[in-house]
2 protein chains.
Amino acid sequence: MSRLLLISNSYQHGLGYLDHCEQQLLALYGPAIRRVLFVGYAGSDLAAYAEGARERFQRMGYQLDAVQDAADPAAAVREAEAIFIGGGNTFRLLKALYEKGLVDAIRGRVSTGMPYGGASAGSNVACVSIRTTNDMPIVQPPSFDALDLVPFNINPHYVDPEPSSRHLGETREQRIREFHEENWPPVVGLREGAMLRIEDGSMQLAGVNGARLFERGREPRELATGEPLDYLLQPGHLRSDRRS
Amino acid sequence: MSRLLLISNSYQHGLGYLDHCEQQLLALYGPAIRRVLFVGYAGSDLAAYAEGARERFQRMGYQLDAVQDAADPAAAVREAEAIFIGGGNTFRLLKALYEKGLVDAIRGRVSTGMPYGGASAGSNVACVSIRTTNDMPIVQPPSFDALDLVPFNINPHYVDPEPSSRHLGETREQRIREFHEENWPPVVGLREGAMLRIEDGSMQLAGVNGARLFERGREPRELATGEPLDYLLQPGHLRSDRRS
């Protein structure tokens, strides 16, 4: 009975913070929710980050509580009506979630229906692991295993290969192929503007610009907005039906 | 008395494997070296990777031994005349270096004069840590601390911000700034084509396209080819002379 909105990016070109996903956030939290717990550990200036988020959520009609202001952050999660995890550095975010004992607390609440919104790093940590983040490993979390709220990984800010580029660093597609040399989970490459809506075992792609699905041993393929993606919520779906 | 050549990239646009740094590799190893130990753990197909490297090094006049063919990889390092660590995934490389007991072996041999060549991931691991790699964290090494052969970090394949971009994922410069929110070592952003030559406590930038130096609390600045960079080999130089 999980309800999640996993957003590629916090800012869309030309728009303000979370403007491109406001309608989907309103649909996620709904009119019954009054307060949202904000987790901004991916950022460096926690107070400033929460202040900006507070103003933005108030414009959507929600009061915002910053997790770092709670004497007991895990208790704040257990008592929260809804949660939003903001973007920034994914390693810094996951390290803090472990250190503050929030991993199990968030898992438990999401499994019993607390709405979870995440953008960028906040979408990465909702997945099996952070092994498909784009971020630099500026700090070391105890594990790359993440909240495991969905049985796949996301690559946020997904960018297509640029055929005319003379730069020979790996493309994003090559990096995800390297991931599949070592790991099984499917990877949804969410372009900026795209997001995944998950509710009651059902999943669809929303927003703009679309997404690309990478599965181990298969050719990548485009995902269409609105296409039913429920099968990606089945753990190990690829592993059991693969041919090789 | 360390001798190192730390190269941004294995391939330069329009050229073959290591062609853009052949002269510098010949200068690093010199005419007295006959055999080079190749460490290709950053790659996925170790045999194919070593085969390609073997052909390339033979064209430079060196026999190549692949570390994975040794019954005791650490002994192979201790007995090697020279070493070259190839590019690929930095996390996979560092994990293998730890698992096979090569971290101390390489450190010991480089400190007593064994020439060390590295490209891309092979340059990342020569530094304080791999916390400025561009790679995805596809596997988890026991530590992000690396060989620490030089007291700074490298960001290989460095790319300048693209002012006309509508993509809002972090630029490389923003990622390095995030690194400095959490870490002290200076970062040399080596553009493709650039490399660092280190010998007897002296360091210069070589190759083409130049590099950018990022120091905590200071404005980034360009490094010029041939400019003496010996001060970057002094451990903690920035920490001791910083103003704030």
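So, a few notes on the structure that sits alongside this text. (Residues numbered from 1 in each chain as written. Chains lettered and ligands numbered in written order. Predicted model: local features only at pLDDT ≥ 70, side-chain atom pairs only at ≥ 80, totals over all residues. Heavy atoms only, no water.)

1. A look at the interface of chain B and chain A
How big an interface is tends to be expressed through the accessible area that disappears when the partners come together. Keep this limit in mind: Contacts: residue pairs with any heavy atoms within 4.5 Å of one another. By definition, the buried area sums, over both parts, the 1.4 Å-probe accessible area that each loses when the two are put together. We count a salt bridge whenever a side-chain nitrogen from Lys or Arg sits within 4 Å of a carboxyl oxygen from Asp or Glu. What counts as a helix is a DSSP run of H or I of at least four residues, what counts as a strand is a run of E of at least two, and both are numbered from the N terminus. Residues were grouped as follows: Ala, Val, Leu, Ile, Met, Phe, Trp, Tyr, Cys and Pro as nonpolar; Asp, Glu, Lys and Arg as charged; and all remaining residues, including Gly, as polar.
Between chain B and chain A, the contact holds 40 residues from the first and 40 residues from the second. Both sides of the chain B and chain A interface together cover about 3,500 Å² of buried area, and 54% of this is carbon and sulfur. Among the salt bridges present, the one from Arg 92 of chain B reaches Glu 182 of chain A, with a minimum N-O distance of 2.8 Å. Secondary-structure elements contributing two or more residues to the side of chain B that touches chain A are helix 4 (90-99), strand 6 (153-158) and helix 7 (172-182) of chain B. For the side of chain B that touches chain A, the element with the highest residue contribution is helix 7 of chain B, accounting for seven residues. Across the side of chain B that touches chain A, the residue classes tally to 14 nonpolar, 15 polar and eleven charged.

2. Overview of the packing of aromatic side chains
All names here are of chain A. To keep it simple, the criterion reads: In this analysis, rings of Phe, Tyr and Trp, with Trp reduced to its six-membered ring, are considered paired at centre separations within 6.5 Å, and the interplanar angle assigns stacked below 30 degrees, edge-to-face beyond 60, and tilted for intermediate values. The classification of residues rests on relative accessible area computed with a 1.4 Å probe and restricted to protein chains. Under 20% of the type maximum is buried, over 50% is exposed, and intermediate values are partly exposed.
Scanning the model with the defined rule gives 19 aromatic pairs over all chains in all. Where Phe 38 meets Phe 84, the ring centres are 6.4 Å apart and the plane angle is 10°; that geometry is what we call stacked. Of this pair, Phe 38 sits in strand 2 (residues 35-39) while Phe 84 sits in strand 4 (residues 83-85), placing them 46 residues apart in sequence. For Phe 38, a relative accessible area of 0% puts it in the buried group.

3. So, the sheet that holds strand 6 (residues 153-158) of chain A
All names here are of chain A. Operational definition: At least two bridges found by DSSP between two strands is the condition for calling them paired. Every axis corresponds to a line fitted to the C-alpha atoms, with the helix fit spanning only the stretch in contact, and the corresponding angles, defined between N-to-C directions, vary from 0 to 180 degrees.
Sheet architecture is open: four strands sit in the order 6-7-10-11, paired in mixed fashion. Only two strands of the sheet have a single partner each, and these edge strands are strand 6 and strand 11 (221-223). Pairs of neighbouring strands in the sheet enclose a mean axial angle of 30°, with direction left out of account. In this sheet, strand 10 (residues 211-214) lies alongside strand 7 (residues 187-191) in antiparallel orientation, the contact comprising four bridges.

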